[in-house]
Amino acid sequence: MESHSAMLQRLRTSFQSGVTVPEKFRRAQLNQLLSLLQENEQRILEALHKDLAKPKFEAVLSEMDIVINEVHFALSNLRSWMQDEHVTKTLATKVDECYVRREPLGVVLIIGPWNYPIHLLLLPLVGAIAAGNCVVIKPSEVSSAVEAVIAELVPKYLSQDCFAVVCGGAEDTQALLKNKFDHILYTGSQSVARCILQAAAPHLTPVTLELGGKCPCFIHHRVDPLAAARRLAWAKYFNVGQSCVAPDYVLCTEETRDALVTALKQVLFEFYGEEPQKCPDMARIISAKHWTRLMGLLGKSKGKVVLGGESDEADKYIAPTVLVDVSEDDALMQEEIFGPLLPFITVSSVDEAIAFMNRQEKPLALYVFSDDSSIVNTVLEKTSSGAFCSNDGIIHMTLPGLPFGGVGASGFGSYHGRWGFETFSHKRAVVLRGWALERINGLRYPPFTDNKLSWLRWTASPKSCSIM
Ligand code: NAD
(Lines give C-alpha, C1' and ligand atoms only; values in the text may rest on other atoms or scores of the structure.)
Protein backbone atom coordinates (compact mmCIF):
# COMPACT_ATOMS: atom_id res chain seq x y z
CA MET A 1 0.00 0.00 0.00
CA GLU A 2 1.23 3.49 -0.88
CA SER A 3 2.45 5.49 2.15
CA HIS A 4 0.78 8.76 3.12
CA SER A 5 3.90 10.72 2.29
CA ALA A 6 4.24 9.13 -1.19
CA MET A 7 0.58 9.81 -1.92
CA LEU A 8 0.87 13.41 -0.73
CA GLN A 9 4.03 13.91 -2.75
CA ARG A 10 2.16 12.77 -5.87
CA LEU A 11 -0.68 15.22 -5.18
CA ARG A 12 1.69 18.07 -4.35
CA THR A 13 3.68 17.52 -7.55
CA SER A 14 0.43 17.62 -9.53
CA PHE A 15 -0.68 20.77 -7.77
CA GLN A 16 2.63 22.46 -8.40
CA SER A 17 2.41 21.58 -12.09
CA GLY A 18 -0.67 23.83 -12.27
CA VAL A 19 -2.87 21.12 -13.75
CA THR A 20 -5.81 21.84 -11.41
CA VAL A 21 -5.95 25.58 -12.12
CA PRO A 22 -7.65 25.84 -15.55
CA GLU A 23 -11.43 26.11 -15.50
CA LYS A 24 -11.56 23.24 -18.00
CA PHE A 25 -9.90 20.83 -15.56
CA ARG A 26 -12.19 21.85 -12.69
CA ARG A 27 -15.27 21.40 -14.89
CA ALA A 28 -14.08 17.99 -16.09
CA GLN A 29 -13.57 16.76 -12.51
CA LEU A 30 -16.92 18.14 -11.37
CA ASN A 31 -18.59 16.34 -14.27
CA GLN A 32 -16.75 13.15 -13.30
CA LEU A 33 -18.09 13.52 -9.76
CA LEU A 34 -21.58 13.80 -11.25
CA SER A 35 -21.00 10.60 -13.23
CA LEU A 36 -19.73 8.84 -10.11
CA LEU A 37 -22.98 9.63 -8.32
CA GLN A 38 -25.34 9.03 -11.22
CA GLU A 39 -23.79 5.81 -12.55
CA ASN A 40 -23.48 4.25 -9.09
CA GLU A 41 -26.66 5.39 -7.42
CA GLN A 42 -27.85 1.86 -6.70
CA ARG A 43 -24.56 0.77 -5.12
CA ILE A 44 -24.38 3.89 -2.98
CA LEU A 45 -27.98 3.47 -1.81
CA GLU A 46 -27.25 -0.15 -0.90
CA ALA A 47 -24.19 0.87 1.11
CA LEU A 48 -26.20 3.55 2.93
CA HIS A 49 -28.81 0.93 3.69
CA LYS A 50 -26.20 -1.46 4.99
CA ASP A 51 -24.67 1.15 7.31
CA LEU A 52 -27.74 2.99 8.54
CA ALA A 53 -30.78 1.21 7.04
CA LYS A 54 -31.26 4.55 5.33
CA PRO A 55 -34.57 4.57 3.44
CA LYS A 56 -34.08 5.20 -0.29
CA PHE A 57 -36.31 8.28 -0.09
CA GLU A 58 -34.13 9.94 2.58
CA ALA A 59 -30.90 8.80 0.94
CA VAL A 60 -31.82 10.17 -2.49
CA LEU A 61 -32.77 13.56 -1.05
CA SER A 62 -30.12 14.05 1.60
CA GLU A 63 -27.11 12.17 0.20
CA MET A 64 -27.40 12.01 -3.59
CA ASP A 65 -29.44 14.98 -4.82
CA ILE A 66 -27.98 17.49 -2.42
CA VAL A 67 -24.49 16.77 -3.82
CA ILE A 68 -25.72 16.54 -7.43
CA ASN A 69 -27.43 19.93 -7.05
CA GLU A 70 -24.26 21.39 -5.56
CA VAL A 71 -22.23 20.19 -8.56
CA HIS A 72 -24.74 21.76 -10.98
CA PHE A 73 -24.69 25.00 -9.00
CA ALA A 74 -20.88 25.07 -9.08
CA LEU A 75 -20.78 24.33 -12.81
CA SER A 76 -23.24 27.16 -13.52
CA ASN A 77 -21.34 29.70 -11.41
CA LEU A 78 -17.73 28.61 -11.73
CA ARG A 79 -16.72 31.17 -14.34
CA SER A 80 -18.04 34.12 -12.35
CA TRP A 81 -16.56 32.78 -9.07
CA MET A 82 -13.14 32.49 -10.72
CA GLN A 83 -13.17 36.03 -12.06
CA ASP A 84 -10.91 38.63 -10.50
CA GLU A 85 -12.82 40.99 -8.24
CA HIS A 86 -11.91 44.63 -8.87
CA VAL A 87 -11.83 46.85 -5.80
CA THR A 88 -12.26 50.52 -4.92
CA LYS A 89 -9.19 52.58 -5.84
CA THR A 90 -7.62 55.84 -4.68
CA LEU A 91 -6.31 58.74 -6.75
CA ALA A 92 -2.79 57.40 -6.26
CA THR A 93 -3.81 54.01 -7.75
CA LYS A 94 -6.37 55.38 -10.22
CA VAL A 95 -4.65 54.02 -13.34
CA ASP A 96 -3.55 50.73 -11.79
CA GLU A 97 -5.30 47.39 -11.83
CA CYS A 98 -6.36 46.50 -8.28
CA TYR A 99 -8.21 43.28 -7.66
CA VAL A 100 -8.71 40.16 -5.58
CA ARG A 101 -7.67 36.95 -7.27
CA ARG A 102 -9.02 33.63 -6.00
CA GLU A 103 -6.23 31.05 -6.02
CA PRO A 104 -6.39 27.40 -4.98
CA LEU A 105 -4.79 26.68 -1.61
CA GLY A 106 -2.92 23.51 -2.59
CA VAL A 107 -3.45 20.03 -1.16
CA VAL A 108 -6.43 20.06 1.19
CA LEU A 109 -7.93 17.42 3.48
CA ILE A 110 -11.64 16.70 4.01
CA ILE A 111 -12.56 14.47 6.96
CA GLY A 112 -16.15 13.24 7.05
CA PRO A 113 -18.44 11.67 9.67
CA TRP A 114 -20.78 8.66 9.42
CA ASN A 115 -24.25 10.17 9.67
CA TYR A 116 -24.47 11.49 6.08
CA PRO A 117 -21.34 9.74 4.84
CA ILE A 118 -21.77 10.68 1.17
CA HIS A 119 -23.12 14.20 1.54
CA LEU A 120 -20.70 15.41 4.22
CA LEU A 121 -17.69 14.10 2.33
CA LEU A 122 -18.56 14.90 -1.29
CA LEU A 123 -20.37 18.22 -0.87
CA PRO A 124 -17.26 19.95 0.55
CA LEU A 125 -15.29 18.19 -2.20
CA VAL A 126 -17.32 20.14 -4.79
CA GLY A 127 -16.06 23.45 -3.34
CA ALA A 128 -12.49 22.16 -3.13
CA ILE A 129 -12.49 21.00 -6.77
CA ALA A 130 -14.21 24.20 -7.97
CA ALA A 131 -11.49 26.22 -6.24
CA GLY A 132 -8.78 24.22 -8.05
CA ASN A 133 -7.24 22.19 -5.23
CA CYS A 134 -5.85 18.70 -4.94
CA VAL A 135 -7.83 16.85 -2.28
CA VAL A 136 -7.40 13.98 0.14
CA ILE A 137 -10.73 12.68 1.41
CA LYS A 138 -11.08 10.67 4.58
CA PRO A 139 -14.46 8.93 4.95
CA SER A 140 -15.64 7.77 8.36
CA GLU A 141 -14.67 4.20 9.18
CA VAL A 142 -17.88 3.91 11.23
CA SER A 143 -20.03 3.86 8.06
CA SER A 144 -17.84 1.12 6.63
CA ALA A 145 -19.94 0.09 3.61
CA VAL A 146 -19.94 3.65 2.26
CA GLU A 147 -16.24 3.99 3.08
CA ALA A 148 -15.51 0.96 0.87
CA VAL A 149 -17.61 2.30 -2.02
CA ILE A 150 -15.92 5.72 -1.84
CA ALA A 151 -12.45 4.13 -1.74
CA GLU A 152 -13.27 2.13 -4.85
CA LEU A 153 -15.11 4.74 -6.91
CA VAL A 154 -13.20 7.97 -6.35
CA PRO A 155 -9.98 6.70 -8.01
CA LYS A 156 -12.06 5.33 -10.92
CA TYR A 157 -13.73 8.66 -11.65
CA LEU A 158 -11.42 11.45 -10.47
CA SER A 159 -7.83 12.14 -11.48
CA GLN A 160 -5.58 9.90 -9.37
CA ASP A 161 -2.81 12.45 -9.63
CA CYS A 162 -4.94 15.05 -7.88
CA PHE A 163 -7.38 13.21 -5.61
CA ALA A 164 -6.95 10.42 -3.09
CA VAL A 165 -8.97 8.56 -0.49
CA VAL A 166 -7.50 7.52 2.86
CA CYS A 167 -9.42 4.98 4.92
CA GLY A 168 -9.15 4.02 8.56
CA GLY A 169 -9.99 5.15 12.08
CA ALA A 170 -8.69 7.62 14.63
CA GLU A 171 -5.09 6.31 14.61
CA ASP A 172 -4.85 6.34 10.81
CA THR A 173 -6.29 9.86 10.73
CA GLN A 174 -3.80 11.01 13.34
CA ALA A 175 -0.97 9.52 11.26
CA LEU A 176 -2.30 11.28 8.16
CA LEU A 177 -2.51 14.57 10.08
CA LYS A 178 1.23 14.46 10.82
CA ASN A 179 1.62 15.61 7.21
CA LYS A 180 1.24 19.19 6.10
CA PHE A 181 -2.01 20.20 4.39
CA ASP A 182 -2.97 23.61 3.06
CA HIS A 183 -6.43 23.44 4.59
CA ILE A 184 -8.45 20.93 6.61
CA LEU A 185 -12.24 20.78 6.61
CA TYR A 186 -13.43 18.55 9.43
CA THR A 187 -17.02 17.51 10.10
CA GLY A 188 -17.70 15.64 13.31
CA SER A 189 -17.79 15.92 17.07
CA GLN A 190 -16.39 18.72 19.21
CA SER A 191 -14.02 16.40 21.10
CA VAL A 192 -12.32 15.10 17.93
CA ALA A 193 -12.23 18.68 16.60
CA ARG A 194 -9.80 19.55 19.39
CA CYS A 195 -7.45 16.75 18.18
CA ILE A 196 -7.71 18.10 14.63
CA LEU A 197 -6.81 21.63 15.74
CA GLN A 198 -3.85 20.32 17.74
CA ALA A 199 -2.60 18.32 14.76
CA ALA A 200 -3.00 21.35 12.47
CA ALA A 201 -1.18 23.74 14.81
CA PRO A 202 2.46 22.66 14.13
CA HIS A 203 1.89 23.25 10.40
CA LEU A 204 -0.18 26.43 10.93
CA THR A 205 -2.79 24.81 8.73
CA PRO A 206 -6.09 26.70 8.53
CA VAL A 207 -9.07 24.62 9.58
CA THR A 208 -12.80 24.70 8.97
CA LEU A 209 -14.73 22.93 11.73
CA GLU A 210 -18.26 21.73 11.05
CA LEU A 211 -19.41 20.54 14.45
CA GLY A 212 -22.56 19.62 16.26
CA GLY A 213 -24.29 20.73 19.41
CA LYS A 214 -27.79 21.03 20.73
CA CYS A 215 -30.12 22.76 18.25
CA PRO A 216 -33.07 24.25 20.14
CA CYS A 217 -36.61 24.63 18.85
CA PHE A 218 -38.85 27.19 20.53
CA ILE A 219 -42.53 26.60 19.78
CA HIS A 220 -44.82 29.54 20.47
CA HIS A 221 -48.49 29.03 21.33
CA ARG A 222 -49.58 30.74 18.09
CA VAL A 223 -49.10 27.72 15.82
CA ASP A 224 -51.31 25.00 14.42
CA PRO A 225 -50.15 22.07 16.61
CA LEU A 226 -50.65 19.49 13.89
CA ALA A 227 -48.73 21.43 11.23
CA ALA A 228 -45.94 22.17 13.74
CA ALA A 229 -45.83 18.53 14.87
CA ARG A 230 -45.43 17.29 11.27
CA ARG A 231 -42.49 19.57 10.54
CA LEU A 232 -40.91 18.99 13.94
CA ALA A 233 -41.23 15.20 13.68
CA TRP A 234 -39.87 15.18 10.12
CA ALA A 235 -36.80 17.24 11.09
CA LYS A 236 -36.21 15.27 14.30
CA TYR A 237 -36.73 11.71 13.07
CA PHE A 238 -35.11 12.07 9.64
CA ASN A 239 -32.16 9.63 9.79
CA VAL A 240 -33.54 8.72 13.29
CA GLY A 241 -32.31 11.99 14.70
CA GLN A 242 -28.70 11.44 13.63
CA SER A 243 -28.49 14.87 11.98
CA CYS A 244 -26.29 17.72 13.19
CA VAL A 245 -29.16 20.12 12.44
CA ALA A 246 -31.94 18.01 13.99
CA PRO A 247 -33.97 19.82 16.66
CA ASP A 248 -32.31 18.56 19.84
CA TYR A 249 -34.94 19.78 22.33
CA VAL A 250 -38.19 21.76 22.38
CA LEU A 251 -38.95 24.77 24.54
CA CYS A 252 -42.62 25.72 25.01
CA THR A 253 -45.29 26.43 27.58
CA GLU A 254 -47.21 23.64 29.30
CA GLU A 255 -50.38 24.20 27.23
CA THR A 256 -48.47 24.24 23.93
CA ARG A 257 -46.61 21.11 24.98
CA ASP A 258 -49.83 19.22 25.72
CA ALA A 259 -51.30 20.19 22.35
CA LEU A 260 -48.05 19.24 20.59
CA VAL A 261 -47.74 15.85 22.30
CA THR A 262 -51.29 14.97 21.22
CA ALA A 263 -50.48 16.11 17.68
CA LEU A 264 -47.13 14.25 17.65
CA LYS A 265 -48.90 11.03 18.62
CA GLN A 266 -51.13 11.37 15.56
CA VAL A 267 -48.24 12.41 13.31
CA LEU A 268 -45.97 9.53 14.35
CA PHE A 269 -48.79 7.15 13.56
CA GLU A 270 -49.30 8.83 10.16
CA PHE A 271 -45.57 8.64 9.40
CA TYR A 272 -44.56 5.24 10.75
CA GLY A 273 -47.80 3.32 11.51
CA GLU A 274 -48.65 1.18 14.52
CA GLU A 275 -45.22 -0.47 14.71
CA PRO A 276 -42.45 1.96 13.66
CA GLN A 277 -39.85 -0.82 13.99
CA LYS A 278 -41.45 -2.58 11.03
CA CYS A 279 -41.71 0.60 8.98
CA PRO A 280 -39.17 0.71 6.11
CA ASP A 281 -39.13 4.52 6.33
CA MET A 282 -37.25 4.45 9.62
CA ALA A 283 -33.43 4.28 9.59
CA ARG A 284 -31.36 2.67 12.34
CA ILE A 285 -28.76 3.80 14.87
CA ILE A 286 -25.32 3.47 13.27
CA SER A 287 -23.75 1.01 15.75
CA ALA A 288 -24.26 -0.93 18.96
CA LYS A 289 -21.96 1.56 20.71
CA HIS A 290 -24.07 4.53 19.65
CA TRP A 291 -27.27 2.62 20.56
CA THR A 292 -25.87 1.96 24.06
CA ARG A 293 -24.96 5.63 24.52
CA LEU A 294 -28.49 6.73 23.61
CA MET A 295 -30.17 4.12 25.81
CA GLY A 296 -27.83 5.20 28.63
CA LEU A 297 -29.05 8.80 28.23
CA LEU A 298 -32.66 7.62 28.19
CA GLY A 299 -32.07 5.50 31.30
CA LYS A 300 -30.47 8.39 33.19
CA SER A 301 -33.09 10.96 32.21
CA LYS A 302 -35.60 12.02 34.87
CA GLY A 303 -38.02 13.09 32.11
CA LYS A 304 -41.33 11.28 31.60
CA VAL A 305 -41.61 9.25 28.38
CA VAL A 306 -44.97 10.13 26.82
CA LEU A 307 -44.44 8.68 23.34
CA GLY A 308 -42.24 5.81 22.17
CA GLY A 309 -39.47 4.56 24.44
CA GLU A 310 -39.33 1.06 22.91
CA SER A 311 -35.98 -0.30 21.74
CA ASP A 312 -34.31 -3.42 20.34
CA GLU A 313 -30.55 -3.77 20.72
CA ALA A 314 -30.12 -6.53 18.14
CA ASP A 315 -31.86 -4.34 15.55
CA LYS A 316 -30.11 -1.08 16.68
CA TYR A 317 -33.65 0.30 16.93
CA ILE A 318 -34.97 3.06 19.15
CA ALA A 319 -38.55 4.24 18.64
CA PRO A 320 -39.29 7.90 18.00
CA THR A 321 -39.51 9.02 21.60
CA VAL A 322 -40.86 12.15 23.30
CA LEU A 323 -40.15 13.06 26.92
CA VAL A 324 -41.73 15.82 28.99
CA ASP A 325 -40.84 17.46 32.32
CA VAL A 326 -37.16 17.49 31.37
CA SER A 327 -35.07 19.96 33.35
CA GLU A 328 -31.99 21.89 32.31
CA ASP A 329 -29.73 19.67 34.41
CA ASP A 330 -31.19 16.41 33.03
CA ALA A 331 -28.81 13.87 31.45
CA LEU A 332 -30.46 14.52 28.05
CA MET A 333 -29.44 18.17 28.27
CA GLN A 334 -25.75 17.59 28.97
CA GLU A 335 -24.70 16.49 25.48
CA GLU A 336 -25.96 16.48 21.92
CA ILE A 337 -28.59 13.73 21.70
CA PHE A 338 -28.01 12.70 18.05
CA GLY A 339 -30.81 10.14 18.10
CA PRO A 340 -34.62 9.83 18.18
CA LEU A 341 -35.14 11.16 21.72
CA LEU A 342 -36.96 14.50 21.92
CA PRO A 343 -37.12 16.22 25.32
CA PHE A 344 -39.65 18.99 26.03
CA ILE A 345 -38.62 21.69 28.46
CA THR A 346 -41.31 23.92 29.87
CA VAL A 347 -40.83 27.69 29.77
CA SER A 348 -43.38 30.36 30.59
CA SER A 349 -42.55 32.93 27.91
CA VAL A 350 -40.49 33.74 24.85
CA ASP A 351 -38.10 35.73 27.06
CA GLU A 352 -37.50 32.69 29.25
CA ALA A 353 -36.90 30.58 26.15
CA ILE A 354 -34.38 33.13 24.83
CA ALA A 355 -32.60 33.26 28.19
CA PHE A 356 -32.47 29.44 28.23
CA MET A 357 -31.00 29.24 24.72
CA ASN A 358 -28.47 31.96 25.50
CA ARG A 359 -27.21 30.04 28.54
CA GLN A 360 -26.17 27.15 26.25
CA GLU A 361 -23.33 27.00 23.72
CA LYS A 362 -24.17 28.62 20.38
CA PRO A 363 -25.91 25.93 18.27
CA LEU A 364 -25.49 24.98 14.63
CA ALA A 365 -29.16 25.79 13.98
CA LEU A 366 -31.91 27.44 15.95
CA TYR A 367 -35.60 26.99 15.19
CA VAL A 368 -38.68 28.99 16.10
CA PHE A 369 -42.24 28.02 15.29
CA SER A 370 -44.80 30.82 15.45
CA ASP A 371 -47.43 32.49 13.29
CA ASP A 372 -46.46 35.77 14.91
CA SER A 373 -43.60 37.32 12.93
CA SER A 374 -42.69 39.62 15.82
CA ILE A 375 -41.94 36.53 17.95
CA VAL A 376 -39.80 35.06 15.15
CA ASN A 377 -37.91 38.35 14.75
CA THR A 378 -37.39 38.77 18.49
CA VAL A 379 -35.75 35.36 18.73
CA LEU A 380 -33.70 36.01 15.58
CA GLU A 381 -32.41 39.30 17.00
CA LYS A 382 -31.70 38.13 20.54
CA THR A 383 -29.91 34.84 19.89
CA SER A 384 -26.97 33.56 17.85
CA SER A 385 -26.54 30.32 15.90
CA GLY A 386 -24.94 28.96 12.73
CA ALA A 387 -28.31 29.12 10.98
CA PHE A 388 -31.85 30.20 11.81
CA CYS A 389 -35.07 28.81 10.37
CA SER A 390 -38.64 29.58 11.34
CA ASN A 391 -41.54 27.16 11.12
CA ASP A 392 -39.42 24.25 9.90
CA GLY A 393 -36.17 22.39 10.48
CA ILE A 394 -33.17 21.34 8.32
CA ILE A 395 -34.58 23.05 5.19
CA HIS A 396 -32.10 25.96 5.31
CA MET A 397 -29.24 23.65 4.38
CA THR A 398 -30.78 22.74 1.02
CA LEU A 399 -30.08 26.26 -0.34
CA PRO A 400 -26.64 26.61 -1.95
CA GLY A 401 -26.86 30.40 -1.60
CA LEU A 402 -26.75 30.16 2.20
CA PRO A 403 -23.48 29.48 4.04
CA PHE A 404 -23.53 26.25 6.03
CA GLY A 405 -21.47 26.36 9.20
CA GLY A 406 -21.46 26.97 12.92
CA VAL A 407 -20.53 29.71 15.33
CA GLY A 408 -18.83 29.35 18.71
CA ALA A 409 -18.85 25.73 19.84
CA SER A 410 -20.78 24.59 16.73
CA GLY A 411 -17.76 25.33 14.57
CA PHE A 412 -16.18 27.95 12.36
CA GLY A 413 -15.93 28.56 8.65
CA SER A 414 -18.57 27.52 6.16
CA TYR A 415 -19.26 25.91 2.80
CA HIS A 416 -22.08 25.22 0.28
CA GLY A 417 -22.19 27.04 -3.04
CA ARG A 418 -19.89 30.03 -3.31
CA TRP A 419 -19.05 29.74 0.40
CA GLY A 420 -17.31 26.40 -0.26
CA PHE A 421 -15.41 27.86 -3.19
CA GLU A 422 -14.28 30.74 -0.94
CA THR A 423 -13.27 28.42 1.91
CA PHE A 424 -10.92 26.53 -0.39
CA SER A 425 -9.54 29.66 -2.12
CA HIS A 426 -6.83 32.08 -1.11
CA LYS A 427 -7.94 35.66 -1.65
CA ARG A 428 -4.79 37.20 -3.08
CA ALA A 429 -4.55 40.98 -3.11
CA VAL A 430 -3.12 42.14 -6.45
CA VAL A 431 -1.99 45.62 -7.55
CA LEU A 432 -0.56 45.91 -11.05
CA ARG A 433 1.10 49.33 -11.26
CA GLY A 434 2.37 51.34 -14.16
CA TRP A 435 4.64 54.36 -14.05
CA ALA A 436 2.02 57.05 -14.59
CA LEU A 437 0.81 59.75 -12.18
CA GLU A 438 4.31 60.14 -10.81
CA ARG A 439 3.57 63.70 -9.62
CA ILE A 440 0.93 62.29 -7.31
CA ASN A 441 2.91 59.18 -6.41
CA GLY A 442 6.04 61.21 -5.80
CA LEU A 443 4.38 63.08 -2.93
CA ARG A 444 5.46 60.28 -0.56
CA TYR A 445 9.20 60.73 -1.12
CA PRO A 446 11.49 62.74 1.15
CA PRO A 447 12.12 65.53 1.77
CA PHE A 448 8.83 65.55 3.72
CA THR A 449 6.79 68.77 3.88
CA ASP A 450 3.44 69.64 5.42
CA ASN A 451 2.12 70.57 1.99
CA LYS A 452 3.06 67.16 0.53
CA LEU A 453 1.53 65.46 3.54
CA SER A 454 -1.83 67.17 3.16
CA TRP A 455 -1.95 66.31 -0.58
CA LEU A 456 -0.88 62.75 0.11
CA ARG A 457 -3.57 62.28 2.74
CA TRP A 458 -6.12 63.37 0.16
CA THR A 459 -4.81 61.17 -2.69
CA ALA A 460 -4.64 58.10 -0.47
CA SER A 461 -8.28 58.35 0.59
CA PRO A 462 -10.92 56.36 -1.35
CA LYS A 463 -12.92 59.60 -1.78
CA SER A 464 -10.12 61.06 -3.94
CA CYS A 465 -10.77 58.67 -6.79
CA SER A 466 -14.35 59.74 -7.37
CA ILE A 467 -13.46 63.31 -8.31
CA MET A 468 -11.57 62.34 -11.45
P1 NAD B 1 -17.01 10.04 13.45
O2 NAD B 1 -16.84 9.20 14.65
O3 NAD B 1 -17.29 9.39 12.14
O4 NAD B 1 -15.74 10.97 13.33
C5 NAD B 1 -15.60 11.89 12.28
C6 NAD B 1 -14.26 11.67 11.61
O7 NAD B 1 -13.21 11.91 12.52
C8 NAD B 1 -14.08 10.25 11.07
O9 NAD B 1 -13.58 10.32 9.77
C10 NAD B 1 -13.11 9.64 12.06
O11 NAD B 1 -12.29 8.66 11.47
C12 NAD B 1 -12.29 10.83 12.50
N13 NAD B 1 -11.74 10.68 13.85
C14 NAD B 1 -12.33 10.08 14.92
N15 NAD B 1 -11.53 10.18 16.01
C16 NAD B 1 -10.42 10.85 15.60
C17 NAD B 1 -9.23 11.28 16.27
N18 NAD B 1 -9.03 11.05 17.55
N19 NAD B 1 -8.32 11.96 15.54
C20 NAD B 1 -8.52 12.23 14.23
N21 NAD B 1 -9.61 11.84 13.57
C22 NAD B 1 -10.56 11.17 14.23
O23 NAD B 1 -18.20 11.05 13.62
P24 NAD B 1 -18.69 11.72 14.91
O25 NAD B 1 -17.62 12.60 15.43
O26 NAD B 1 -19.36 10.75 15.82
O27 NAD B 1 -19.85 12.60 14.20
C28 NAD B 1 -20.92 12.99 14.86
C29 NAD B 1 -20.74 14.44 15.26
O30 NAD B 1 -20.58 15.22 14.09
C31 NAD B 1 -21.95 15.02 15.96
O32 NAD B 1 -21.52 15.84 17.01
C33 NAD B 1 -22.61 15.86 14.89
O34 NAD B 1 -23.38 16.89 15.37
C35 NAD B 1 -21.44 16.32 14.13
N36 NAD B 1 -21.82 16.65 12.77
C37 NAD B 1 -21.70 17.91 12.34
C38 NAD B 1 -22.10 18.24 11.08
C39 NAD B 1 -21.97 19.62 10.53
O40 NAD B 1 -22.07 19.75 9.32
N41 NAD B 1 -21.73 20.63 11.32
C42 NAD B 1 -22.63 17.26 10.25
C43 NAD B 1 -22.73 15.98 10.73
C44 NAD B 1 -22.31 15.66 11.98
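The structure displayed is predicted, hence computed values, not measured ones.

### A few points about the overall build of the protein chain
A tally of regular secondary structure across the protein chain gives 16 helices and 18 strands. Summarising its shape, the C-alpha atoms of the protein chain cover approximately 85 × 55 × 40 Å along the three principal directions. Within the protein chain, the proportion of its 468 residues that are buried is 55%. Residue pairs at least 24 apart in sequence account for 71% of intrachain contacts in the protein chain once pairs closer than 6 positions are excluded. Carbon and sulfur atoms make up 56% of the accessible area of the protein chain, which totals about 21,000 Å². Charge-centre separation for the protein chain: the mean point of 46 positive side chains lies 9 Å from the mean point of 52 negative side chains.

### Re the sheet that holds strand S14 (residues 341–346)
Taking strand neighbours across the sheet as the criterion, the seven strands line up as S10-S13-S14-S9-S8-S15-S16 in an open arrangement whose pairing is mixed. Each edge of the sheet is formed by a strand with only one pairing partner; in this case those strands are strand S10 (304–307) and strand S16 (387–390). Across the sheet, the mean angle separating the axes of adjacent strands is 25 degrees when strand polarity is ignored. Bridge count between strand S15 (residues 365–369) and S16: four bridges; the pairing is parallel. Residue pairing in the sheet places Val368 in a bridge with Ser390 of S16.

### Some words on the sheet that holds strand S17 (residues 411–412)
With respect to topology, six strands assemble into an open sheet ordered S5-S4-S3-S6-S7-S17, the strand pairing being mixed. Looking at the sheet topology across the chains shown, the edges are occupied by strand S5 (163–165) and S17. Pairing of strand S4 (residues 134–138) with S5, which is carried by three bridges, proceeds in the parallel orientation. The residue of S5 that forms the bridge with Val136 is Ala164. Contacting strand S3 (107–111), S4 and strand S6 (183–187), helix H7 (residues 170–177) crosses the sheet at an angle of about 160 degrees to S3.

### With respect to the packing of aromatic side chains
Applying the stated rule across the entire model yields seven aromatic pairs. On the basis of an interplanar angle of 40 degrees and a centroid distance of 5.5 Å, the ring pair of Trp81 and Phe421 is categorised as tilted. With Trp81 in helix H4 (residues 56–82) and Phe421 in helix H14 (residues 418–423), this pair connects stretches of sequence that are 340 residues apart. Phe421 carries the same exposure label as Trp81, and that label is buried. Between Trp234 and Phe238, the aromatic rings sit 5.2 Å apart at their centres with planes inclined by 70 degrees, giving edge-to-face as the arrangement. Phe238 sits in the buried class, given a relative accessible area of 6%. Among the aromatic residues, ring-to-ring pairing joins Phe73, Trp81 and Phe421 into one connected group.

### Considering the domain arrangement of the protein chain
Under the domain assignment, the protein chain is made up of domain 1 (4–211 + 414–426), domain 2 (215–405) and domain 3 (433–463). Between the C-alpha centres of domain 2 and domain 3 the distance comes to 62 Å.

Reading the values: the criteria
- Residues take numbers from 1 onward in each chain, read along the sequence in its written order.
- For a predicted model such as this one, the threshold for reporting local features is a pLDDT of at least 70, and the threshold for listing and counting side-chain atom pairs is 80 or more; totals across whole chains, interfaces and linings nevertheless cover every residue.
- Each side-chain value is derived from all of the structure's non-hydrogen atoms; neither hydrogens nor water enter the calculation.
- Numbering goes from the N terminus for both helices and strands, where a helix is a DSSP run of H or I of at least four residues and a strand is a run of E of at least two.
- For every residue, the accessible area obtained with a 1.4 Å probe (protein chains only) is divided by the maximum for its type, and the residue is called buried under 20%, exposed over 50%, and partly exposed between those limits.
- The contact definition used throughout considers only heavy atoms, calling two residues in contact when any of these lie within 4.5 Å.
- What sets the accessible areas is the Shrake-Rupley method with a 1.4 Å probe; for residues, cover comes only from the shown protein chains.
- Positive: Lys, Arg. Negative: Asp, Glu. His and the chain ends are not part of the count.
- Charged side chains are reduced to one point each, which is NZ for Lys, CZ for Arg, CG for Asp and CD for Glu.
- Two strands qualify as a pair provided that DSSP identifies no fewer than 2 bridges between them.
- Fitted lines through C-alpha atoms serve as axes, helices being fitted only where they are in contact, and the angles separating the N-to-C directions of these axes extend from 0 to 180 degrees.
- Between the rings of Phe, Tyr and Trp (Trp by its six-membered ring), a pair exists once the centres lie within 6.5 Å; its type follows the angle of the planes, with under 30 degrees stacked, over 60 edge-to-face, and the other angles tilted.
- Marked domain ranges trace back to an automatic or database domain assignment.

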